[in-house]
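Observations on chain architecture
One letter stands for each residue in the lines below.
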Amino acid sequence: MYARAAAATVAALMGAGALVLPTADATASTPSASRAAHHDRPLVVAHRGASAYAPENTFAAIDKARDMGFRWVENDVQRTKDGELVIMHDDTLKRTTNVEEVFPDRAPWKVGDFTAAEIRQLDAGSWFDPKYTGQRVPTLQQYMRRVSRNHQSLVFEFKKPELYPGIEKQGLRVLRDEGWLDKHHLKNKLVIQSFSADSVKTVHALRPDVKTGFLGTPAAAELPAYATFADQINSTHTSISADYVDAIHAQKGPHGKPLEIFTWTVNDAPSAVRAAGFGVNGIITNTPDVVRKALRKD
């Protein structure tokens, strides 16, 4: 959703707190910030981390969200040529790394055409702002450990799962191994979503206890079918209305609770107030501070 030049401009104007290489000693959020995070209604989710202020899907972005007092972050998961799960939005490495410089003869630079070792060589920060030079593309295991260390919660997205057969089972295995499929995390800290209904169905079949979300805006008449496998219908904010949100809430999901909606990607105050007025459960945003300030003024 972000063009390279626009992101660099935003970073230059509003960026804060340089973080170069990922470190293991991330500090906890302040007590006041933690209290703020718990009082967001609707819930505010930092999209790919605080991605208006740090390079998306990197440690810098989720650490920035933590430092700003945001408990929930969102990510994107894809798979390398040799089977490692990594955090990357696009199915190519071109926009958010220096892959063209490091591997100039490997166009179109698809994630699935590179090994994990090759991706580890890439700089995933300098495209956004030179002060983030040295940020890397995290593996899913590394990312989950950082989110845990930051005491954050996660909206986890399988990105383009049709490119990676079996990615749902593999991703769930990593989450299990990192302690994210226990009762506490399943109740309070994790949603798994995808634009692919088949992928969401697969997650639900493999782990019916996991909270799931479908990314899209199905017709209201189709919501009962989605409610058999999805706990959330997560629609773009430009596609929803108060009536549509009411139609979502009128359905009960697979866990017997009303369906929810986390809308995206809301980056300005008027759109945040509008979405909140519809009664959405969550707002996914690149600018979580802007959304929180707008909602608290409303």
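Each chain has its residues counted from 1, running along the sequence as written. Side-chain atom pairs in this predicted model are given and counted only at pLDDT of 80 or more, local residue features only at pLDDT of at least 70, and totals for whole chains, interfaces and linings cover all residues. Computation of side-chain values covers all heavy atoms of the structure but excludes hydrogens and water.

Digging into the nonpolar core
Buried together is how nonpolar side chains tend to be arranged in soluble globular proteins. By nonpolar core is meant a set of buried Ala, Val, Leu, Ile, Met, Phe, Trp, Tyr and Cys residues that side-chain atoms within 4.5 Å join together. Throughout, exposure labels follow a simple rule: accessible area from a 1.4 Å probe, protein chains only, divided by the maximum for the residue type, with under 20% read as buried, over 50% as exposed, and the rest as partly exposed. Ranked by size, the top nonpolar core spans 68 residues in total, and within it Phe156, Leu175, Leu190 and Ile192 carry the most contacts. Whether two residues are in contact is decided by their heavy atoms, any of which lying within 4.5 Å being enough. Those residues in contact with Leu190 that sit more than four places away from it in its chain are Trp72, Leu154, Phe156, Leu175, Trp180, Leu181, His185 and Lys211. If you look at the next biggest cluster of nonpolar residues, it comprises 9 residues, including Val45, Trp72, Val191 and Phe262.

Concerning the confidence of the model for the protein
Every residue carries a pLDDT, the predictor's confidence in it, which falls somewhere between 0 and 100. Considering every residue of the protein, the mean pLDDT works out to 90; 87% of them sit at 70 or more. Mean pLDDT across the elements of the protein bottoms out in helix α1 (residues 4-14) (37) and peaks in strand β3 (residues 85-87) (99). Predicted confidence is poor over residues 1-37, with pLDDT under 50, and the contacts of this stretch with residues over four places away or in other chains come to 73 contacts. Each helix is a run of H or I in the DSSP string that is no shorter than four residues. Each strand is a run of E no shorter than two, and both are numbered from the N terminus.

As for the packing of aromatic side chains
Planes of paired rings set the category: under 30 degrees apart is stacked, over 60 is edge-to-face and the rest tilted, where pairs are Phe, Tyr or Trp rings (Trp by its six-membered ring) whose centres lie within 6.5 Å. By the definition in use, this model includes 7 aromatic pairs. Summarising the aromatic geometry, the rings of Trp127 and Phe128 are spaced 5.5 Å apart at their centres and angled 80° between planes, so their arrangement reads as edge-to-face. Taking relative accessible area as the criterion, Phe128 reaches 1% and is therefore assigned buried. For the pair Phe156 and Phe158, a centre-to-centre distance of 4.8 Å together with 75° between the ring planes defines the contact as edge-to-face. Across this residue pair, the class does not change: Phe156 and Phe158 are buried. Three or more aromatic residues link up through ring pairs in this structure, and these residues are Trp127, Phe128 and Tyr132.

Describing the side chain of Ser194
With respect to the helices, strands and loops of the structure, Ser194 is situated in strand β5 (residues 190-194). Identification of polar contacts relies on pairs of N or O atoms within 3.5 Å, with a donor-acceptor requirement for protein atoms, meaning one able to donate a hydrogen and the other able to accept it, and with residues adjacent in sequence counted only if both atoms are side-chain atoms. A polar side-chain atom of Ser194 sits 3.2 Å from the main-chain carbonyl oxygen of Phe158. Setting aside chain neighbours within four positions, we find Ser194 in contact with Glu157, Phe158, Pro161, Ser199, Val200, Gly213, Phe214 and Leu215.

Here's the deal with the packing of helix α7 (residues 167-177) against helix α9 (residues 197-206)
For any two helices packed against each other, one specifies the inter-axial angle together with the distance between the axes. The geometry of α7 relative to α9 is characterised by a closest axis approach of 9 Å and an angle of 50° between their N-to-C directions. Judged on the interaxial angle alone, α9 and α7 are oblique. Regarding α7 and α9, the two cross each other, and that crossing is right-handed. Together, Glu168, Lys169 and Leu172 of α7 and Ser199, Thr202, Val203 and Leu206 of α9 make up the contact between the two elements. Counted by class, the contact of α7 with α9 contains 3 nonpolar, 2 polar and 2 charged residues. Comment: axis = line fitted to C-alpha atoms, over the contacting stretch for helices; angle = value between 0 and 180 degrees taken between N-to-C directions. Throughout, the term roughly parallel applies to angles under 35 degrees, roughly antiparallel to angles over 145, roughly perpendicular to angles from 65 to 115, and oblique to all others. Crossings are assigned a handedness: left-handed for a near helix turned anticlockwise from the far helix by less than a right angle, right-handed for a clockwise turn. Residues are grouped as follows: nonpolar covers Ala, Val, Leu, Ile, Met, Phe, Trp, Tyr, Cys and Pro; charged covers Asp, Glu, Lys and Arg; every other residue, Gly included, is treated as polar.

With respect to the environment of Asp209
Inspection of the secondary structure assignment puts Asp209 in the loop between α9 and β6 (212-215). Residue class for Asp209 comes out partly exposed when judged on its relative accessible area of 34%. Each C-alpha atom, one on Asp209 and one on Lys187, is 9.0 Å from the other, the two residues being 22 residues apart in sequence. Excluding its chain neighbours within four sequence positions, the residues that come into contact with Asp209 are Leu186 and His255. Polar contacts involving the side chain of Asp209 include one to the side chain of Arg207, which spans 2.7 Å.

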